[in-house]
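Structural features, examined
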Amino acid sequence: MYICICNAIREKDLRRIACEDGGDAETLYARLGFAPQCRQCLEEAAQIVAEARACQSA
Ligand code: FES
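Read on for a plain summary of the structure. (Residues numbered from 1 in each chain as written. Predicted model: local features only at pLDDT ≥ 70, side-chain atom pairs only at ≥ 80, totals over all residues.)

1. Some remarks on the overall build of the protein chain
Threshold: Only DSSP runs of H or I reaching four residues or more are called helices, and only runs of E reaching two or more are called strands; each is numbered from the N terminus. Just to be clear, the radius of gyration here is over C-alpha atoms, and the globule rule we use is 2.2 Å times residues to the power 0.38. Whether two residues are in contact is decided by their C-beta atoms, placed from the backbone, lying within 7 Å.
Counting secondary structure elements, the protein chain contains three helices and two strands. Relative to the globule expectation of 10 Å for 58 residues, the C-alpha radius of gyration of the protein chain, 10 Å, shows essentially globular dimensions. C-alpha extents for the protein chain along the principal axes are approximately 35 × 20 × 15 Å. In the protein chain, 43% of the contacts between residues at least 6 apart in sequence involve partners at least 24 apart.

Quick look at the structure:
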């Protein structure tokens with residue numbers, strides 16, 4: 001499933017990089033080589049990042 005339509009970023013790729021790197025969703029987008037455009041995905045992306053890190057630390 002795509003989390004960011006503008007950049008075609010998949011949820012699984014965001015989860016993977018959230019576990020590997022720190023920073024907020026926008027920072028992680030940059031690490032993947034993208035920048036937010038419409039920004040409509042950022043709130044959901046932030047939730048996914050938080051979930052991924054919570055699972056990692058559990
Ligand atoms: S859907 Fe992610 S920037 Fe537009």
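2. Details of the nonpolar core
Under the convention used in this document: Linking buried Ala, Val, Leu, Ile, Met, Phe, Trp, Tyr and Cys residues through C-beta atoms within 7 Å yields a set, and such a set is a nonpolar core. Residues with at least 20 other C-beta atoms within 10 Å of their own are called buried, those with 12 or fewer are called exposed, and the rest are partly exposed. The C-beta atoms themselves are positioned from the backbone.
Judged by nonpolar contacts, Ile-3, Cys-4, Ile-9, Leu-14, Ala-18, Ala-25, Leu-28, Tyr-29, Cys-41, Ala-45, Val-49 and Ala-52 together constitute the single largest core of 12 residues. Of all elements in the fold, only strand E1 (2-4), helix H1 (11-20), helix H2 (25-31) and helix H3 (42-57) reach the threshold of two or more residues within this core. Among all residues touching Ile-9, those that are not within four sequence positions of it are Tyr-2, Ile-3, Cys-4, Leu-14, Tyr-29, Leu-32 and Phe-34.

3. Focus: unusual backbone geometry
In the Ramachandran plot, Ala-8 falls in the positive-phi region, its phi being about 55° despite a non-glycine side chain. Within the secondary structure, Ala-8 is located in the loop between E1 and strand E2 (9-10). You can call Ala-8 exposed: it has 10 C-beta atoms within 10 Å. Positive phi values are uncommon outside glycine, yet Arg-39 reaches one of about 70°. By secondary structure assignment, the location of Arg-39 is in the loop between H2 and H3.

From the geometry alone we can't say anything about function, so treat these as descriptive.
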